[in-house]
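A look at the structure
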Amino acid sequence: MRAVPTVLDLVHDRDPLPGTVGAFLLPDIAALVDCGAGANLASLESELSGHGVVVEELEHLLLTHIHLDHAGAAGALAARNPRLQVWVHRVGARHLIDPSRLIAGTAAVYGADFERVWGPILPVPADRVHAISDEVRLPFAGAPLAVPTPGHARHHLAYLTADGTCYAGDAAGAAYGGSSTYVEPACPPPDADPPAWQGTIDRLETLAPARLAIAHYGVFEDVPTHLEALRERLALWLERIDRGEESFVEAVWADRRELADPASLDGFWGYAAVERWCHQGLVHWRDRVAAAG
Ligand SMILES: [Zn+2]
């Protein structure tokens, strides 16, 4: 029987566009992979209720990384559900327990009223935060294998379940509509690391999951094609770093128009508007490597 991962379509309270940000409900265990931002919480609850689940019943929250569109609501969920156990990479754990740096960083980019965009960022009690450093089978019944997958973020994890689904967060890039013809590697500053990401793609190929469940957005069944498309796009973006931001952005849009589903251009890719941010992330990475000699 073919497993169908349960995607939860998280729309923003004030700016809803479906099919851009996803979390996943795991089969057989009361666990979520990612939870979105606080501003997506009403949407998360409504999506869960569509599957007969309420927040208070969840036992585990498996975070791929602590970027706010994946983990911003973790503290709010932990406050609502005192049994909820939160799993995260070691490097992200302290920022869940004490989100002051996350809050300061978000306020620096979005202004003091960042809660309008992201919702409140609440701490997760330390005794319910479980830090993961290496590849490990999580210690509860039916648990997935947690796999460090750096590249998009240094502290990124993917989760591989027994049915062969890899819940990849952003580690398998972003793509639209189940088609792996066009896959983008989101490279945000300050910790995008393209060589680390190439290693992650190698590791995912070795693990050979049957399908990828990715946050932006959905389920992708042709895993070899998907990972190869991601690898090629990352290499191409590296070649284009020195063109400057405007030229990089134009080239990204030319590729999208040529290769991506036309239905994704205005909504999915236009909405996310990550291309400038990706160029900045790549330049930041290259400067960091150069400074390290
Ligand atoms: Zn991210």
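The following refers to the structure shown. Bear in mind that the values here come from a model prediction, so they are computed numbers and not experimental data.

Here is what the cut-offs are and how they apply
- Residues numbered from 1 in each chain as written.
- Predicted model: local features only at pLDDT ≥ 70, side-chain atom pairs only at ≥ 80, totals over all residues.
- Heavy atoms only, no water.
- 1 Å grid on protein atoms, 1.4 Å probe; cavity = no way out; pocket = protein on both sides within 12 Å on 5 of 7 lines; lining within 4 Å.
- Points joined across faces, edges and corners; volume = space filled by probe spheres on them.
- Helix = DSSP H or I, 4+ residues; strand = E, 2+ residues; numbered from the N terminus.
- Nonpolar A, V, L, I, M, F, W, Y, C, P; charged D, E, K, R; others polar.
- Core = buried A, V, L, I, M, F, W, Y, C linked by side-chain atoms within 4.5 Å.
- Buried < 20%, exposed > 50% of the residue type's maximum accessible area, 1.4 Å probe, protein only.
- Contact = heavy atoms within 4.5 Å.
- Donors = N, O, S within 2.8 Å, 3.2 Å for Na, K, Ca; no water.
- Tetrahedral: all angles 85-135°; square planar, octahedral: opposite > 155°, others 65-115°.

1. Re the layout of surface pockets
Its volume calculated, the largest pocket comes out at about 1700 Å³. Forming the boundary of the largest pocket are 48 residues, of which H67, D69, Y110, W118 and W277 lie nearest the centre. Residue assignment for the lining of the largest pocket shows that the elements contributing at least two residues are α2 (68–71), α4 (90–97), α5 (100–110), α6 (115–118) and α10 (265–272). Of all the elements, α5 adds the most residues to the lining of the largest pocket, at six residues. A class-by-class count of the residues in the lining of the largest pocket yields 27 nonpolar, 11 polar and 10 charged.

2. A word on the nonpolar core
Residues C166, C187, L212, I214 and W269 are the most contacted members of the largest nonpolar core, which totals 39 residues. Of all the elements, helix α8 (residues 223–239) adds the most residues to this core, at six residues. Filtering out sequence-adjacent residues up to four positions away, C166 remains in contact with A158, Y159, L160, L204, P209, R211, L212 and A213.

3. Here we look at the coordination of the zinc ion
Those protein atoms acting as donors to the zinc ion are H65 (NE2), H67 (ND1), H152 (NE2) and D170 (OD), and they sit at 2.1 to 2.8 Å. Each of the four donor atoms around the zinc ion contributes to a set of angles spanning 75 to 169°, which defines the coordination as irregular. Mapped onto the sequence, the donors of the zinc ion take the spacing H-x1-H-x84-H-x17-D. One end of the pair, H65, is in the loop between β4 (60–62) and α2; the other, D170, is in the loop between β10 (165–169) and β11 (174–176), and 105 residues separate them in sequence. Here the two residues H65 and D170 agree in accessibility, since each one is buried.

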